[in-house]
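Coordinates in review
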Amino acid sequence: MTASHRGTIFVEEARILAHHSPAAEQWLLTLEAPECARRALPGQFVHLQCDPALPMRRPLSLLRVNRDQGWVEMLYKVVGHGTRLLTQRAVGQTLSLMGPIGQPFRPDPERRHVLLLGGGVGMPPMIFLADHLRRETGWRPVAFLGSELPFPFPTRPSRLLIPGLPPDAIGTLSLLEDWGIPCRLSSAQGQPGCHAGYVTDLARHYLETLDAPERRHVAIHACGPDAMLRAVAQLARAFDLPAQVSLEEYMACAVGGCAGCVVPVHTPQGVAMKRVCVDGPVFPAEAVYPA
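From a predicted model like this one, the values you see are computed outputs, not experimental measurements.

Thresholds applied
- Residues numbered from 1 in each chain as written.
- Predicted model: local features only at pLDDT ≥ 70, side-chain atom pairs only at ≥ 80, totals over all residues.
- Heavy atoms only, no water.
- Salt bridge = Lys/Arg side-chain N within 4 Å of Asp/Glu carboxyl O.
- Helix = DSSP H or I, 4+ residues; strand = E, 2+ residues; numbered from the N terminus.
- Buried < 20%, exposed > 50% of the residue type's maximum accessible area, 1.4 Å probe, protein only.
- Pairing = 2+ DSSP bridges.
- Axes fitted to C-alpha atoms, helices over the stretch in contact; angles between N-to-C directions.

What follows covers the pattern of salt bridges. Following the criterion strictly, the structure yields 11 salt bridges and no others. Two residues, aspartate 226 and arginine 230, come together in a salt bridge whose shortest N-O distance is 2.9 Å. Remark: arginine 230 and aspartate 226 occur in helix H7 (residues 226–238); sequence separation between them is 4 residues, near one turn of the helix. Accessibility expressed as a relative area gives 40% for aspartate 226, which makes it partly exposed. Via salt bridges that share partners, Glu35, Arg38 and Arg39 belong to a single interconnected network.

Attention now moves to the sheet that holds strand S2 (residues 26–32). The strands that make up a sheet pair up through hydrogen bonds in the backbone, lying either parallel or antiparallel. An order of S4-S3-S7-S1-S2-S6-S5 is seen for the 7 strands of this open sheet, with the pairing classed as antiparallel. Strand pairing shows two members of the sheet lacking a second neighbour, strand S4 (58–61) and strand S5 (64–66), which therefore form its edges. Here the average twist between neighbouring strands, direction ignored, is 35 degrees.

Turning our eyes to something else, we now look at unusual backbone geometry. Cis geometry marks the peptide bond from glycine 99 to proline 100, where omega comes out at -5 degrees. For proline 100, the location among the structural elements is in strand S7 (residues 94–101). Residues glycine 280 and proline 281 are joined by a peptide bond in cis, for which omega reads 10 degrees. Residue position: proline 281 is located in the loop between strand S16 (270–275) and strand S17 (282–284). Within the chain, glutamate 25 stands out as a residue other than glycine whose phi angle is a positive 60 degrees.

On their own, these measurements won't tell you what the molecule is for.
So this is what it looks like as structure tokens:
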């Protein structure tokens, strides 16, 4: 662990409170981890030991956190040996959890109209951020979420109006709807109620309904695959909006020691190689995806 992060990352033996697969090789995992829950912020992640026989941990984004009850929740997709082993862990067992790790999203109080864009396993940080913002006064989050797999959360037709969207965009996540947060879904797989396109398409339609004074209160926060985040950066430039993006990158140590997750980031002093795990995972979009 690097000196700048010493004392901010904790290791806990986290007890499994719930663990199930709601859809298509996607799993929801809830862990009793009071130290992590007390400190975690939207955009941060944990480094989890998937199985005692597997020494290398896996990074998982935080989906929901309950500080009072001391639990954290994650959504993960089965992509290899480690996550396959993780699916076999049962309620009541413990997992070694390291976290919270990384730089979180930092919403600007001068721009309280926040567009949340999430794709695939990039949805959890957006849901965590939505939950965080709804508990504060004066924020206006709107979420556009996309998935090529069946959504791992219940969906339903929305009753919350979002102007300017294509007529096929009627579906929302029940969780966000119950929180009073407008949300629409997209998918190229013909899922019911979903826009047949990208989340950035929905965001563009929506932004075109806003006039210049309204846009001065808008900021974009996004997490998803690289191609999606590049499109987010282009969208932000087109509408002259600030954007923060959370990068998805393979991490070995996740505490800044191995430098295996470095990416080029544009700074006022020039291009610097930054570690996604501790210098990120959240960066200004224009620093990672310049024009």
